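# Structure assessment
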Amino acid sequence: DSTFVRHEENSLFWKYQEIGIRVKIDDKDKKLLIAPSDLVEECADLLIKVGDDISLGEGVFSTVTDVTEGDDEALHIKVKDDVELKSHQTYVVSVKRSNGRIQNPSVVSIAFNLARLHETSGRIVPAVELHKAILKQHPSYVNSYLRLACIARDCGSLKDCSEWLKNAVAVAPGNPEVLTLVGNLHLSLCDWAPAQKVFDQLLQQKVPKVEAYSMLSLGNIYFNNLNTPKKYNKHLHHAADFYRRILQKDTANAYAANGLGTVLAEKGELLKAKEIFNRVREVSGDTLSDALLNLGHIYLAQKKHPEALQMYQNYMGRCRRSGAQTTSKSQEDDEAEVLLYIAFAYFDWARQTELFNNAKAAPADERYRMCIEYIEKAMEKSKRENVVLRYNWCLSKLQAANCVLRKVDRNIRRTAAEVSNALEGLKASLPIVQTMLQWKNEGRKVT
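First things first, this report covers the structure right here in the doc. (Residues numbered from 1 in each chain as written. Predicted model: local features only at pLDDT ≥ 70, side-chain atom pairs only at ≥ 80, totals over all residues. Heavy atoms only, no water.)

The helix and strand tally for the protein chain stands at 16 helices and 6 strands. At 31 Å, the protein chain has a C-alpha radius of gyration far larger than the 22 Å of a compact globule built from 447 residues. The principal-axis extents of the C-alpha atoms in the protein chain amount to approximately 100 × 65 × 45 Å. Every one of the 447 residues in the protein chain was classed for burial, and the buried ones make up 45%. When contacts within the protein chain are restricted to residue pairs at least 6 apart in sequence, long-range pairs at least 24 apart make up 57% of them. Taken as a whole, the protein chain presents about 24300 Å² of accessible surface, with 51% of it coming from carbon and sulfur. Counting 61 positive and 57 negative side-chain charges, the protein chain places the averaged centre of each group 11 Å from the other. (Helix = DSSP H or I, 4+ residues; strand = E, 2+ residues; numbered from the N terminus. Rg over C-alpha atoms; globule rule 2.2 N^0.38 Å. Buried < 20%, exposed > 50% of the residue type's maximum accessible area, 1.4 Å probe, protein only. Contact = heavy atoms within 4.5 Å. Areas by Shrake-Rupley, 256 points an atom, 1.4 Å probe, with all protein chains shown as cover. Lys, Arg positive; Asp, Glu negative; His and termini not counted. Charge placed at Lys NZ, Arg CZ, Asp CG, Glu CD.)

Evaluated as defined, the whole model comprises 11 aromatic pairs. Seen in terms of ring centroids, Tyr145 and Trp164 are 6.3 Å apart; in terms of plane orientation they differ by 45 degrees. Their pairing is tilted. Of the two residues, Tyr145 sits in helix H3 (residues 142-154) while Trp164 sits in helix H4 (residues 158-171), which places them 19 residues apart along the sequence. Given a relative accessible area of 10%, Tyr145 falls into the buried group. Three or more aromatic residues link up through ring pairs in this structure, and these residues are Trp14, Tyr16 and Phe61. (Phe/Tyr/Trp six-rings, centres within 6.5 Å; stacked < 30°, edge-to-face > 60°.)

Right, let's get into the pairing of strand E6 (residues 91-98). Burial analysis of E6 places 7 of its 8 residues in the buried class, the great majority of the element. Taken together, the 7 bridges between strand E1 (residues 14-25) and E6 define a ladder with antiparallel strand orientation. The residue of E6 that forms the bridge with Tyr16 is Lys96. Examined bridge by bridge, strand E3 (residues 53-55) and E6 share 2 bridges and lie antiparallel to one another. Its bridge partner lying in E6, Ile54 is registered against Val95. (Pairing = 2+ DSSP bridges.)

The end-to-end C-alpha distance of helix H1 (residues 108-120) is 19 Å, a good match for the 18 Å that 13 residues give at a rise of 1.5 Å each. Burial in H1 covers these residues: Val108, Ala111, Phe112, Leu114, Ala115, His118 and Glu119. Projected down its long axis, H1 carries its buried residues within an arc of 160 degrees, all on one side. Residues of H1 that are exposed and point over 90 degrees away from its buried face: Asn113 and Thr120. Packed against the buried residues of H1 are helix H2 (124-137) and H3. (Expected span 1.5 Å × (residues − 1). Arc of directions from axis to C-beta.)

Right, let's get into the nonpolar core. Of all hydrophobic cores here, the largest spans 91 residues; its most connected members are Leu165, Val280, Tyr312, Ile342, Tyr346, Tyr368 and Tyr374. Sorting elements by how many residues they give to this core places helix H13 (residues 331-354) first, with 9 residues. (Core = buried A, V, L, I, M, F, W, Y, C linked by side-chain atoms within 4.5 Å.)

With that settled, consider the layout of surface pockets. Over the atoms, a rolling probe the size of a water molecule traces out where space has been left empty. Looking at the second largest pocket, its volume works out to about 300 Å³. Contributing to the lining of the second largest pocket are 14 residues, with Asp365, Arg369, Ala400, Asn421 and Ala422 lying nearest its centre. Breaking the lining of the second largest pocket down by element, the ones donating at least two residues are helix H14 (364-381), helix H15 (387-405) and helix H16 (416-442). Taken together, the residues that form the lining of the second largest pocket break down as 7 nonpolar, 2 polar and 5 charged. (1 Å grid on protein atoms, 1.4 Å probe; cavity = no way out; pocket = protein on both sides within 12 Å on 5 of 7 lines; lining within 4 Å. Points joined across faces, edges and corners; volume = space filled by probe spheres on them. Nonpolar A, V, L, I, M, F, W, Y, C, P; charged D, E, K, R; others polar.)

Turning next to a negative patch on the surface. A cluster of acidic residues, Glu69, Asp71, Asp72 and Glu73, forms a negative patch at the surface. By secondary structure assignment, the location of Asp72 is in the loop between strand E4 (61-69) and strand E5 (75-79). (Patch = residues over 30% accessible without salt bridge, like charges linked within 9 Å, V, L, I, M, F, W, Y side chains within 5 Å. Salt bridge = Lys/Arg side-chain N within 4 Å of Asp/Glu carboxyl O.)

Take His186: it is sitting in helix H5 (residues 176-188). When the C-alpha positions of His186 and Gln196 are compared, they lie 8.9 Å apart, and in sequence the two are 10 residues distant. Not counting chain neighbours up to four residues away, the residues in contact with His186 comprise Asp191, Pro194, Ala195 and Val198.

This next bit is on the sheet that holds E4. Taken in spatial order, the 6 strands of this closed barrel run E1-E2-E5-E4-E3-E6, and their pairing is antiparallel. Between one strand and the next, the sheet's axes are offset by a mean angle of 50 degrees, whatever the strand orientation. Note that E1 and strand E2 (residues 32-35) share 2 bridges and pair antiparallel. For Ile25, the partnering residue across the bridge sits in E2 and is Leu33. (Axes fitted to C-alpha atoms, helices over the stretch in contact; angles between N-to-C directions.)

On to the packing of helix H7 (residues 208-223) against helix H8 (residues 232-249), then. Running from N to C, H7 and H8 cross one another at 160 degrees; their axes reach a closest spacing of 7 Å. One finds that H7 runs roughly antiparallel with respect to H8. Considering only the axes of H7 and H8, their crossing is left-handed. Judged by residue contacts, Glu211, Ala212, Met215, Leu216, Leu218, Gly219, Asn220, Tyr222 and Phe223 of H7 engage His235, Leu236, His238, Ala239, Phe242, Tyr243, Arg245, Ile246 and Lys249 from H8. Each residue belonging to the contact of H7 with H8 can be placed in one class, and the counts come to 11 nonpolar, 4 polar and 3 charged. (Parallel < 35°, antiparallel > 145°, perpendicular 65-115°, else oblique. Left-handed = near helix turned anticlockwise from the far one by under 90°.)

Dropping the structure here:
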């Protein structure tokens, strides 16, 4: 049965059905059930197969791992788990089978809502099983394609997400929800041109519920492409224009306001940008975590390092609790990026402290240490070989060592252990620097 669902959480759509087989437990092997030929009805052995979930009554359940015919012509059924049954007593085998409910068109919405309940409760396996069963029975049910695409995206499987969306587009080519998810997939992959094409198409449809989102996405696309040669001013203008158009229709749209704040920050209007980000925090109740990250950048640009560090920490804490991420790379890579922001804040704070060039520069040593600690955390989180992180680690080790060695000139007490650690740090960073120089000479592309 192509629509058969079997997960325990989906018991609304299956039942245990007797198939005409009675078995006894093997005395030596608690995983072997033996059905003598006289206890097997004609053709009943064809109704049980490997992978079937079975019930033997008395609360005994297991899964079939092998079905063979023994030398005694008896049917031998191997099961996954040891079963505690009485010797010499026969038991009726019941196999889990579909009860046919999911084939009823009127039940599809119930099945879909149950699958959504599974999703929101974190029960992904039964949710996927139900959505797939719905589609096998009702191939044009586009909502299940969309949910499977979202599940695949959230699990980091962008390839599967793309396949489900292709199926959804084939079923409903002009569906705004389908196009929105397709556009989001392109955005997550940084495929800017295809994403722009999709959201332009959505904007032309003038569907009220996706119009603002389309404009927001287009604004984000332009803002993320400011480095395009000779198009900086044009892209910044377009980004600001889309954010303003949204706010003209909905002054409470926190996402558009946050976008406009990033434009102002890019223009160097930090006070105006800071005011907007604080207002976004107030209106959204801190649910829009990007405002925290942007405020961190503003404070860092203003050399207000404690405030910047607080914003970065708040942002990371909120993302950890919600499972949100700034991009689709992975939550680990996103966290590594924020850890690098924190590391740089400590680095910049240490450099600023060193400008005193006297005893007041004493805290710089500890701030370099914190910088190195957060870079190492970022290196642990990042799943790929990240040369930028390693370069930053080497640079921080160099600056930290220099800070220790200059303590005498600044009338700051230093210990032999501090000097030894500084020299060890330089020694550890040397092979990495040599490797980078070798890659540069070889013309190797690094990331």
